[in-house]
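Single-letter residue listing:
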Number of protein chains: 2
Amino acid sequence: MERAFVLYSRKAVTTPKFSLNDLPGAGRMDLVARCVISALWLSHRLREDTRIYCILEGPPEPPKAVVFSPEMRRVYPNERGVASWIRIALKEGRNEEWVSVNPGIRVAKKSLNSVVEELRDEGFEIYVLHEKGDPISSNEFGERVAFVLGDHIGLPENTERALMRKYGARALSLGKLSYLSSACITIVHYELDKREGFM
Amino acid sequence: MERAFVLYSRKAVTTPKFSLNDLPGAGRMDLVARCVISALWLSHRLREDTRIYCILEGPPEPPKAVVFSPEMRRVYPNERGVASWIRIALKEGRNEEWVSVNPGIRVAKKSLNSVVEELRDEGFEIYVLHEKGDPISSNEFGERVAFVLGDHIGLPENTERALMRKYGARALSLGKLSYLSSACITIVHYELDKREGFM
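Residues numbered from 1 in each chain as written. Chains lettered and ligands numbered in written order. Predicted model: local features only at pLDDT ≥ 70, side-chain atom pairs only at ≥ 80, totals over all residues. Heavy atoms only, no water.

1. Examining the interface of chain B and chain A
Put simply, an interface is often sized by how much accessible area is lost when its parts join up.
Right, on to step 1. On the side of chain A, 36 residues touch chain B, which itself brings 36 residues to the contact.
Right, on to step 2. Buried area between chain B and chain A, summed over both chains or domains, comes out near 3,200 Å², and the portion from carbon and sulfur atoms is 59%.
Right, on to step 3. Along the contact surface separating chain B from chain A lie two salt bridges.
Right, on to step 4. The residue Glu-191 of chain A makes a salt bridge to Lys-194 of chain B at a minimum N-O spacing of 3.9 Å.
Right, on to step 5. Counting across the interface, chain B meets chain A through 15 residue pairs in polar contact (both at pLDDT 80 or more).
Right, on to step 6. When residues of the side of chain B that touches chain A are traced back to their parent elements, those giving at least two are helix H1 (29-40), strand E2 (41-42), helix H2 (79-89) and helix H5 (181-195) of chain B. (Contact = heavy atoms within 4.5 Å. Buried area = accessible area lost by both parts, 1.4 Å probe. Salt bridge = Lys/Arg side-chain N within 4 Å of Asp/Glu carboxyl O. Polar contact = N/O pair within 3.5 Å; in protein donor to acceptor, adjacent residues only side chain to side chain. Helix = DSSP H or I, 4+ residues; strand = E, 2+ residues; numbered from the N terminus.)

2. Description of the relation of the copies chain B and chain A
The second copy of the chain is related to the first by a rotation about an axis and a shift along the axis.
Right, on to step 1. Superposing chain B onto chain A takes a rotation of 180° combined with a translation of 0.0 Å along the rotation axis, leaving an RMSD of 0.0 Å. These values place the two chain copies in the arrangement generated by a two-fold rotation axis.
Right, on to step 2. Mapped onto chain A, 100% of the interface residues of chain B are again interface residues, and the two copies thus contact each other with one and the same surface. (Least-squares fit on C-alpha atoms with pLDDT ≥ 70 in both.)

3. Here's the deal with the sheet that holds strand E8 (residues 125-135) of chain A
Residues and elements named next belong to chain A.
Right, on to step 1. Read across the sheet, eight strands follow the order E6-E7-E5-E4-E1-E9-E8-E10 without closing on themselves; strand pairing throughout is mixed. For this open sheet the edge positions go to strand E6 (99-102) and strand E10 (170-173), each flanked by a neighbour on one side alone. On average, adjacent strands in this sheet sit at an angle of 30° to one another, irrespective of strand direction.
Right, on to step 2. Strand direction decides the pairing type here: E8 and E10, joined by five bridges, are parallel. Each bridged residue has a counterpart across the sheet, and for Val-128 the counterpart in E10 is Ala-171. (Pairing = 2+ DSSP bridges. Axes fitted to C-alpha atoms, helices over the stretch in contact; angles between N-to-C directions.)

4. Section: the side chain of Thr-186 of chain B
Right, on to step 1. By secondary structure assignment, the location of Thr-186 of chain B is in helix H5.
Right, on to step 2. In this structure Thr-186 of chain B touches Ala-183, Thr-186 and Ile-187 of chain A together with Ser-38 of chain B, once residues within four positions along its chain are discounted.

5. Some details on the sheet that holds strand E1 (residues 2-9) of chain B
Residues and elements named next belong to chain B.
Right, on to step 1. Spatial strand order, E6-E7-E5-E4-E1-E9-E8-E10: eight strands in an open sheet with mixed pairing. Each edge of the open sheet is held by one strand with a lone partner, namely strand E6 (99-102) and strand E10 (170-173). Between one strand and the next, the sheet's axes are offset by a mean angle of 30°, whatever the strand orientation.
Right, on to step 2. Of the strand pairs in this sheet, strand E5 (residues 64-68) and strand E7 (residues 105-108) are connected by four bridges, and their pairing is antiparallel. Its bridge partner lying in E7, Val-67 is registered against Arg-106.
Right, on to step 3. Its contacts with the sheet place H1 against E1, strand E4 (50-56) and E5, and it is angled at close to 165° to E4.

6. So, the packing of H1 of chain B against H2 of chain B
Two packed helices can be described by the angle between their axes and the distance between those axes.
Residue and element names in this part refer to chain B.
Right, on to step 1. H2 packs onto H1 with a crossing angle of 100° between their chain directions and a minimal axis gap of 8 Å. By the criterion of interaxial angle, the relationship of H1 to H2 is roughly perpendicular. The residues of H2 that touch H1, namely those facing Met-29, Asp-30, Val-32, Ala-33, Arg-34, Val-36 and Ile-37, are Glu-79, Val-82, Ala-83 and Ile-86. (Parallel < 35°, antiparallel > 145°, perpendicular 65-115°, else oblique.)

7. With respect to the pairing of E7 of chain B
Residues and elements named next belong to chain B.
Right, on to step 1. Sheet analysis places E6 next to E7, joined by three bridges and oriented antiparallel. Opposite Asn-102, over in E7, you have Ile-105 as the bridge partner.
Right, on to step 2. The loop that links E6 with its antiparallel partner E7 comprises two residues.

8. Quick notes on the packing of helix H3 (residues 112-121) of chain B against helix H4 (residues 157-167) of chain B
Residue and element names in this part refer to chain B.
Right, on to step 1. Taken N-terminus to C-terminus, the directions of H3 and H4 make an angle of 30°; their axes are 11 Å apart at the nearest point. By the criterion of interaxial angle, the relationship of H3 to H4 is roughly parallel. Taken as a pair, H3 and H4 cross one another with a handedness that is right-handed. Residues Leu-112, Asn-113, Val-116, Glu-117 and Arg-120 of H3 form the contact with H4, whose participating residues are Thr-159, Leu-163, Lys-166 and Tyr-167.
Right, on to step 2. Tallied by class, the residues present in the contact of H3 with H4 amount to four nonpolar, two polar and three charged. (Left-handed = near helix turned anticlockwise from the far one by under 90°. Nonpolar A, V, L, I, M, F, W, Y, C, P; charged D, E, K, R; others polar.)

9. What about the nonpolar core?
Right, on to step 1. Counting residues in hydrophobic clusters, the biggest one holds 110 residues, and the most contacted among them are Met-29 and Phe-68 of chain A together with Met-29 and Phe-68 of chain B.
Right, on to step 2. Once residues lying within four places of it in the same chain are set aside, the contact partners of Phe-68 of chain A are Val-36, Leu-40, Thr-50, Arg-51, Ile-52, Cys-54, Val-82, Trp-85, Ile-86, Gly-104 and Ile-105 of chain A. (Core = buried A, V, L, I, M, F, W, Y, C linked by side-chain atoms within 4.5 Å. Buried < 20%, exposed > 50% of the residue type's maximum accessible area, 1.4 Å probe, protein only.)

10. Concerning the side chain of Arg-47 of chain A
Right, on to step 1. As for its position among the elements, Arg-47 of chain A is in the loop between strand E3 (45-46) and strand E4 (50-56).
Right, on to step 2. By relative accessible area, Arg-47 of chain A is classed as buried at 7%.
Right, on to step 3. A polar side-chain atom of Arg-47 of chain A sits 2.9 Å from a polar atom in the side chain of Asp-193 of chain A.
Right, on to step 4. Not counting the four nearest positions on each side in its chain, Arg-47 of chain A is found in contact with Arg-3, Ala-39, Leu-40, Leu-42, Pro-70, His-189 and Asp-193 of chain A together with Leu-177 and Tyr-179 of chain B.

This is the structure in structure tokens:
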């Protein structure tokens, strides 16, 4: 099963000029970095067949999309380590073409819609995480699955509706509690791992 | 249900003289901080009835135990924010008595055994997370449950055996994959949330 996560970060800055000593002040870049860690790392190795797109919508040049995949090298699973690669990526990505800044890290000037459209065209089923969706535990998944989630502010409602209308996205719920974005990613992985027989 | 986590960190330093700009270099203090975040935060609020004990076993004065609970104030859910409170805590804790450094943060010169003994005396069931344990999904839990887990190095085998022998600890498994410590905490919470009807 191939897994993609799309994190929509409404405030994360789109300039490389942010301080690694104040990631919260860069539009909660700490949260973005923790989501990347949750998406890609197991203990002592990277998850194969997984990628995470971070859609940064903060000033000064939104949107920017940065994607991390397991081909990456010299990236360490801590907030500062991941954020330093986001900073490098943000020096590029001036237009819609993906630019590689590390074997597994690419950047482009792409919106959430444009990234989800790419995933749909690659054959991914699109899901949106939402407390009011269908329970994830009873859902049947195909071979390529993509999950769109918001940061601490959440996905704008009209964005959610547009994803459903345009790309057939379905809402899935992890339960009644509102988890941290990074925890949502961990739980989705866990539910999919169970289905793949890792229990 | 009351929940406690006990993270055994074999290398995390026991001096306040570490740099917030290099948490991995402080014996993987980044990992410790992420575990605290996973244990205590939901989106926009702290979990009630939950605490996490970080047992730091690195140089120069091991062991030190720092416990975080939801009474804490002015603690922000990012690695640097949590680590800065660990640094403050490490200025204290010279003996076995708990010392408060924030309404919800205490420190003492206590070992893993001593913390687990306290929890057992408070009526907590003790569990150890281990790939080869019984599946967590079919376990029945009581009202007070404590989970002991290792960092990236893991729990020493003789420590595990001692916890079982002395405190009746039972091994539980989250599946065949070896997850990050912070992910283990998220998954345990998720499994307990399901049982408490948050699905």
